[in-house]
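Observations on the model geometry
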Amino acid sequence: LKTFLGGTGALFDIAGEEADLVRIDSPILGEEGFEAIQKIDKHSFRFIRISLAYTQTEGLETALDRISDTVDKLSDYFNIICLCDSDLDEKHLSVPTLLATGAIHHALIAKGKRKQVSLIIEGGDVWETHHFATLISYGADAVYPHMAYQSCRSLAGKMRDVQAHELIRSYKKAAEKGLLKIMAKLGVSTINSYRGAKTFEILGLSEAVVEKCFKGTVSRIAGLDFTDLQKEQELKHNKAFKSKDNI
């Protein structure tokens, strides 16, 4: 599962900066590792966090285009870009991390910039092995499941003789083993070979969504378009922020 972070140069004009990378033991980042990446003090590693928040008025598809344009502009200087969905409140929804990852990954490929940038996903909608697998398969270089870790901390507070860091470590280890199992079933031996491989088939998404976010993926049965996905996000948002029984 070892992989690397940091943008590099062209594929063919190999220079010294090609070796100027950060090696991480797993694409699933722990708390300390994620914090360390943000604090790297070196000119060749420039980190920035981009919010996936948007308003209901703006809409999901428009928000995706805006965020993709922002990443495109910032990629000329920053080479470690973190897509973050934690800026939620009563007025702001969040673009699903998988949609954002796929759309930005393919937009950067189209501009010839994908190799210049590493994408880190700081997602609250990531908690099971399948989530990690799909994000990496559609372009994520690393994933930080902040909500899953917060849940571990909350659970530790309700259990005897269990520390939060122990639960987080166990959860991370289980997720890594699950990811390895998915790769092994496909005969893939390294995470670098799995990244961006689009090893899934889509069911129930419209052609427009597939073309923008999951380009090149087999999709035999169409379905939800961006308007439908927007309504789904609004239902989840309203349940979280407007329900009297919300947690």
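This text follows the structure it describes.
The following refers to the structure shown. (Residues numbered from 1 in each chain as written. Predicted model: local features only at pLDDT ≥ 70, side-chain atom pairs only at ≥ 80, totals over all residues. Heavy atoms only, no water.)

**Focus on the pairing of strand S10 (residues 219-224)**
Across the 6 residues that make up S10, only a small minority, 0, are buried. Note that strand S9 (residues 202-205) and S10 share 3 bridges and pair parallel. Bridge pairing in S10 links isoleucine 202 to serine 219. Viewed along the sheet, the connection from S9 through helix H8 (residues 207-213) into S10 turns out right-handed. (Buried < 20%, exposed > 50% of the residue type's maximum accessible area, 1.4 Å probe, protein only. Helix = DSSP H or I, 4+ residues; strand = E, 2+ residues; numbered from the N terminus. Pairing = 2+ DSSP bridges. Right-handed = clockwise from strand over helix to strand, strands pointing away.)

**Quick notes on the environment of leucine 179**
If you trace the backbone, leucine 179 turns up in helix H6 (residues 164-185). Exposure remark for leucine 179: the relative accessible area of 0% places this residue in the buried category. For leucine 179 and arginine 220, which are 41 residues apart along the polypeptide, the C-alpha to C-alpha distance reads 26 Å. The contact partners of leucine 179, leaving out residues within four places of it in the chain, are Leu1, Pro27, Thr129, Ala133, Ile136 and Ile191. (Contact = heavy atoms within 4.5 Å.)

**A look at the sheet that holds strand S3 (residues 47-51)**
Spatially, 4 strands are ordered S3-S5-S7-S8 in an open sheet, and the strand pairing comes out parallel. Lying at the two open borders of the sheet, with one neighbouring strand each, are S3 and strand S8 (142-144). Across this sheet, the average inter-strand angle for adjacent strands is 25°, counted without regard to direction. The pairing of S3 with strand S5 (residues 80-84) spans 5 bridges and is parallel. By the bridge assignment for S5, isoleucine 48 is matched with isoleucine 81. (Axes fitted to C-alpha atoms, helices over the stretch in contact; angles between N-to-C directions.)

**Structural notes on the packing of aromatic side chains**
Enumeration over the complete set of coordinates arrives at 6 aromatic pairs. Taken together, a centroid distance of 6.4 Å and an interplanar angle of 75° make the contact between phenylalanine 34 and phenylalanine 47 edge-to-face. Of this pair, phenylalanine 34 sits in helix H1 (residues 31-38) while phenylalanine 47 is found in strand S3, placing the two residues 13 residues apart along the sequence. Ring plane angle 90° and centroid distance 6.0 Å describe the contact between tyrosine 149 and tyrosine 171, whose orientation is recorded as edge-to-face. Note that tyrosine 149 is positioned in helix H5 (residues 146-156) and tyrosine 171 in helix H6, a separation of 22 residues in sequence. You'll find tyrosine 149 and tyrosine 171 in the same group, each marked buried. By the ring-pair criterion, three or more aromatic residues cluster together here, those being Phe34, Phe47, Tyr144, Tyr149 and Tyr171. Over the ring of tyrosine 77 we find arginine 46, and its NZ or CZ is 4.7 Å from the ring centre. (Phe/Tyr/Trp six-rings, centres within 6.5 Å; stacked < 30°, edge-to-face > 60°. Lys NZ or Arg CZ within 6 Å of the ring centre and 35° of its normal.)

**Describing the environment of glycine 196**
Here glycine 196 lies in the loop between helix H7 (191-194) and S9. A relative accessible area of 23% places glycine 196 in the partly exposed class.

**A few points about the pattern of salt bridges**
For the structure shown, the criterion picks out 15 salt bridges. In this structure, glutamate 31 and arginine 153 form a salt bridge, with 2.6 Å as the shortest nitrogen-oxygen distance. One end of the pair, glutamate 31, is in helix H1; the other, arginine 153, is in helix H5, with 122 residues separating them in the sequence. Classification of glutamate 31 by relative accessible area gives partly exposed; the value is 25%. Notably, a salt bridge pairs glutamate 201 with arginine 220, separated by 2.6 Å at the nearest N-O pair. Linking glutamate 201 in the loop between H7 and S9 with arginine 220 in strand S10, this pair joins segments that are 19 residues apart in sequence. Assessed through its relative accessible area of 62%, arginine 220 is described here as exposed. By sharing partners, the salt bridges in this structure join Asp72, Asp76, Lys111 and Lys113 into a single network. (Salt bridge = Lys/Arg side-chain N within 4 Å of Asp/Glu carboxyl O.)

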